[in-house]
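Structure assessment
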Amino acid sequence: MKKLNRKAQMMDAGTALFESKDGYGSVLGQVKAELKEFGSIGTPDDLPEGAVPPSTAEFDLFLDYSTPWRYRYISCRVEDAGDTGRTTDDGEPIRRYAITFKEGNRSTWLRILVHLIIMAAFLAGVILSGQWHLTLLAVVLGLFTFYQLLVPSKKAQQTVRLLIDKVSQ
């Protein structure tokens, strides 16, 4: 796994609750397989001490699916929530599990630089054109560009929702 950006702020993204006859290790393996579709996976044993953002807290699996445009991370913690009191037709106990997801994303330097260039271009266009009546338009477009820079990744939120739906089935 490549070097992670420790400045990404990890936030609670949701919890998946489900029941399974499989043991904890099998459930963890299934979740790992689902996460692997999106990027590279790390476990606390794989990653060096202090490699993940401090806000990650405890985790069992850490997904890095960053691009040159954004750093994107998802961590998950799989917990055994106890016996349901029911059994399968074969007499195997059915257990409850909870998977807690945390999601974090942050703009890369490339994304920040591109947005700053766009904002500067709007300002320079107004100054160089001498048409000061376009100042309001340039300010609005500059603020919209700045807003786009600060907005969290929608793809990260959709990925977490997709993962919750997949593991809940």
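In what follows, the structure referred to is the one given above.
Residues numbered from 1 in each chain as written. Predicted model: local features only at pLDDT ≥ 70, side-chain atom pairs only at ≥ 80, totals over all residues. Heavy atoms only, no water.

Pairing is antiparallel across the open sheet formed by five strands, whose spatial order is β1-β5-β4-β3-β2. Among the strands making up the open sheet, the edge pair consists of β1 (11–20) and β2 (40–42). Taken over all neighbouring pairs, the strand axes of this sheet differ in orientation by 25° on average, direction set aside. Pairing between strand β3 (residues 61–64) and strand β4 (residues 70–87): four bridges, direction antiparallel. Looking at β4, one finds that L63 is bridged to I74. (Pairing = 2+ DSSP bridges. Helix = DSSP H or I, 4+ residues; strand = E, 2+ residues; numbered from the N terminus. Axes fitted to C-alpha atoms, helices over the stretch in contact; angles between N-to-C directions.)

This part is about the pairing of β4. Here β3 folds back onto β4 in antiparallel fashion, the turn holding five residues. Sheet topology places β4 next to strand β5 (residues 93–107); 14 bridges connect them, and they run antiparallel. Across the sheet, the residue bridging to R77 is T100, located in β5. The turn joining β4 and β5, which pair antiparallel and follow one another in sequence, is formed by five residues; a positive phi near 90° is taken by G91.

Before going further, it helps to spend a moment on the packing of aromatic side chains. Applying the stated rule across the entire model yields three aromatic pairs. A ring pair is formed by F18 and Y97, whose centres lie 5.8 Å apart and whose planes are at 25°; its orientation type is stacked. With F18 in strand β1 and Y97 in strand β5, the pair connects residues that are 79 residues apart, well separated along the chain. Judged by its relative accessible area of 11%, F18 falls in the buried class. In textbook terms, an aromatic cluster arises when at least three aromatic residues are bridged by ring pairs, as seen for F59, F62 and Y73. (Phe/Tyr/Trp six-rings, centres within 6.5 Å; stacked < 30°, edge-to-face > 60°. Buried < 20%, exposed > 50% of the residue type's maximum accessible area, 1.4 Å probe, protein only.)

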